[in-house]
Amino acid sequence: MKKLATWFLVTALLVTAVCCGALAEEKAPGSVDLTIMLALGQWTDNFDELIEAYKAENPQIGTIDYEFPSSSTYWDLLKAKLASGEMPDIFGCGYGEQISMWNDYLADLSDMNMAADLTDAQRQSCSVDGGKTIQVMPIYVEGWGIIYNMRLLKEAGWEKTPETREELAQCLADLKAAGINPFMAHYAETSLALTNHIGSIWITNKEDPLGYYEQLKSGVDMDLANDPDLNDLLDYYDLILEYCNPDYLSTDKWTGRNAFYLEEYAMEDDEGSWEIPNILGVNPALCDYVVQGLQPISNDAAKNRLQVATINAGVYKDGKNVDEAKKFLDWLIESETAQAWHQEKMGNIPAHNSTAVLDNLSTLGKDVFAYMTSGKSHETMTPWTPDSVKDSLGEVWSLYVGKQIDRATFFEMYQQIWTDYAASL
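Per chain, residues are indexed from 1 in the order of the written sequence. Where local features are concerned, this predicted model is filtered to residues with pLDDT of at least 70; where side-chain atom pairs are given and counted, the filter is 80 or more; whole-chain, interface and lining totals use all residues. The basis for every side-chain value is the complete set of non-hydrogen atoms in the structure, without hydrogens or water.

### Quick look at helix 3 (residues 74-84)
Working definition: with a 1.4 Å probe on protein chains only, accessible area under 20% of the residue-type maximum means buried, over 50% means exposed, and in between means partly exposed. Only DSSP runs of H or I with at least four residues qualify as helices, and only runs of E with at least two residues qualify as strands; both kinds are numbered from the N terminus onward. For helix 3, the full list of buried residues reads Tyr 74, Trp 75, Leu 78 and Lys 81. Looking down the long axis of helix 3, one finds its buried residues gathered within 120° of arc, a one-sided arrangement. Opposite the packed face of helix 3, turned more than 90 degrees from it, sit the exposed residues Asp 76 and Ala 83. What makes two residues a contact is simply this: any of their non-hydrogen atoms within 4.5 Å. Contact partners of the buried residues in helix 3: strand 1 (32-37), strand 2 (61-67), strand 3 (90-92), helix 4 (97-102) and helix 17 (390-401). Phi for Gly 85, located one or two positions after helix 3, is positive at around 75°. As used here, the arc is the angular range of directions from the helix axis to the C-beta atoms.

### Here we look at the packing of helix 10 (residues 209-217) against helix 18 (residues 407-424)
One can describe the packing of helix 10 onto helix 18 by two numbers: an axis separation of 8 Å at closest approach and a directional angle of 75°. Between helix 10 and helix 18, the interaxial angle falls into the category roughly perpendicular. Listed contacts from helix 18 to Tyr 213, Leu 216 and Lys 217 of helix 10 are Tyr 414, Trp 418, Tyr 421 and Ala 422. Residues were grouped as follows: Ala, Val, Leu, Ile, Met, Phe, Trp, Tyr, Cys and Pro as nonpolar; Asp, Glu, Lys and Arg as charged; and all remaining residues, including Gly, as polar. Considering only residue class, the contact of helix 10 with helix 18 consists of six nonpolar, no polar and one charged. Convention adopted: a line fitted to C-alpha atoms gives each axis, helices being fitted over their contacting stretch, and angles between N-to-C directions are expressed from 0 to 180 degrees. Angles below 35 degrees are treated as roughly parallel, those above 145 as roughly antiparallel, those between 65 and 115 as roughly perpendicular, and all remaining angles as oblique.

### Thoughts on the confidence of the model for the chain
The pLDDT score gives, residue by residue, the confidence of the prediction method on a 0 to 100 scale. Mean pLDDT over the chain stands at 93; residues scoring 70 or higher make up 94%. Confidence drops under a pLDDT of 50 for residues 1-24, and excluding neighbours within four residues, the segment shows zero contacts in the predicted structure.

### Looking at helix 17
Structurally, the α-helix is built with 3.6 residues per turn, so residues lying three or four positions apart point the same way. In a helix, the anticipated span is given by 1.5 Å times the number of residues less one. Between its first and last C-alpha, helix 17 extends 16 Å over twelve residues, near the 16 Å set by a 1.5 Å rise per residue. Burial of helix 17 is extensive: nine of the twelve residues sit out of reach of the surface. Those residues of helix 17 not exposed but buried are Lys 390, Leu 393, Gly 394, Val 396, Trp 397, Ser 398, Leu 399, Tyr 400 and Val 401. The inward-facing, buried residues of helix 17 abut helix 3, helix 8 (190-197), helix 11 (228-243) and helix 18. Backbone geometry just downstream of helix 17 places Lys 403 in the positive-phi region, at approximately 60°.

### Examining the pairing of strand 1
In this sheet, strand 2 lies alongside strand 1 in parallel orientation, the contact comprising five bridges. In the sheet register, Leu 34 faces strand 2, and the bridge partner there is Ile 64. Following the chain from strand 1 across helix 2 (residues 48-57) to the adjacent parallel strand 2, one finds a crossover that is right-handed. Paired strands, in this sense, are two strands between which DSSP finds at least two bridges. Of the pairings in the sheet, the one linking strand 1 to strand 3 comprises two bridges and is parallel in character. Across the sheet, Met 37 pairs through a bridge with Phe 91, a residue of strand 3. A crossover counts as right-handed when, viewed with the strands pointing away from the observer, the path leading from the first strand over the helix to the second turns clockwise.

### Some points on the packing of helix 8 against helix 17
Between helix 8 and helix 17, the shortest axis-to-axis distance is 9 Å and the interhelical angle comes to 90°. Looking at the two axes, helix 8 sits roughly perpendicular to helix 17. Contacts from Thr 190, Leu 194, Thr 195 and Asn 196 in helix 8 reach Lys 390, Leu 393, Gly 394, Trp 397, Ser 398 and Val 401 in helix 17. A breakdown of the residues in the contact of helix 8 with helix 17 according to their chemical character gives four nonpolar, five polar and one charged.

### Let's talk about the environment of Asp 247
For Asp 247, the location among the structural elements is in the loop between helix 11 and helix 12 (253-261). On the accessibility criterion, Asp 247 (40% relative accessible area) is partly exposed. Through-space distance from the C-alpha of Asp 247 to that of Ala 185 is 8.5 Å; in sequence the pair is 62 residues apart. At 3.0 Å, the side chain of Asp 247 and the side chain of Asn 245 are in polar contact. Nitrogen and oxygen atoms within 3.5 Å of one another constitute a polar contact, given that in protein one can donate a hydrogen and the other can accept it, and given that sequence-neighbouring residues count only through two side-chain atoms.

### Brief notes about the nonpolar core
Grouping buried Ala, Val, Leu, Ile, Met, Phe, Trp, Tyr and Cys residues that are joined through side-chain atoms within 4.5 Å yields what is termed a nonpolar core. The biggest cluster of nonpolar side chains holds 110 residues, and the ones touching the most others in it are Tyr 187 and Leu 329. Looking at which element gives the most residues to this core, the answer is helix 11, with nine residues. Here Tyr 187 is in contact with Ala 193, Leu 194, Ile 198, Tyr 237, Ile 240, Leu 241, Tyr 248, Leu 249, Thr 251, Asp 269 and Val 401, once residues within four sequence places are set aside. Counting nine residues, the second largest nonpolar core, distinct from the first, contains Ile 147, Ile 276, Cys 287 and Val 290.

So this is what it looks like as structure tokens:
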């Protein structure tokens, strides 16, 4: 009996010790502060509600400070933060060249809940060691191309969006004949529009886009003057410039967007699923007849693909709250609260197979998802574009779109960028 009483006493003491230890590990309310920076300007006016929801479930969180700059300035800002010792706990980092450049600063995310849900292809893309260590985590997918005001298209006799460049030309002509401004182009942000979003469309029309791009980056002479896909993109630009606003090179994205929101133009280039919250803020009725389409640069409809980007984030490995940052990132991806926000309010498509696509996914999100499920989309080449050539690419695109160089000069300058890049390695 004494032995049994002793056993109970020892057990009780052990349980008490374990419980006290667990309580000691709990963080005091408001003791954890996090910072996050992603190139997602559209989140700026909408993110506070997620912070409040997360803090309600996690009393240890004091503040979550965020910055959502444009992708045209994001990388310069991130480099400045690294240099000043002010790196955010969570920061945006994509595949390819981006993860290669930043992997020394990225924490291992293999223990996150969502890591187990990654496909083999995602594991490869989210890693620099063949998928053994996960360093960036997909949050969601967005897509872009041309957005259409179908009410205006119907006034010009069009019931669907153009699927080829020839159809686009006819649609533009019909809109103009109907007295409707056909096309809004905002190319003032060269790196965002001409380089990141549109500049590699022709490569994704290839049979093996990434393989072709790696060959181009090697400096091999690609006979660009005779490349049908690159010529298709230049033909697309020539067509657009015939029908778009005359101040396209000085028109910034917000000027262009507002003109489209107010239904002054029937189409807008270089816009995508992220536009829903902005439209709701200016002209909610437009949501009933705005449609997401691809940029039909080719006359072969089967080749044209909607550009999509997987939005990824990493955790700064030397941050003060690495585990808490991972926990918040997991919640931002998998929680019901976050997914409702992503899909219904922001038009974001889930990046993980285990996450259901909601019936209330926004209209542009549904359009993008339809392209994805029908095999008519492709991941943008932007993450695989070396940072050192982006300014040069932006310059040559601006010169061509600005009609300052002819096509032959464009081909020569474009090839030289990659020849010089390969020689610098």
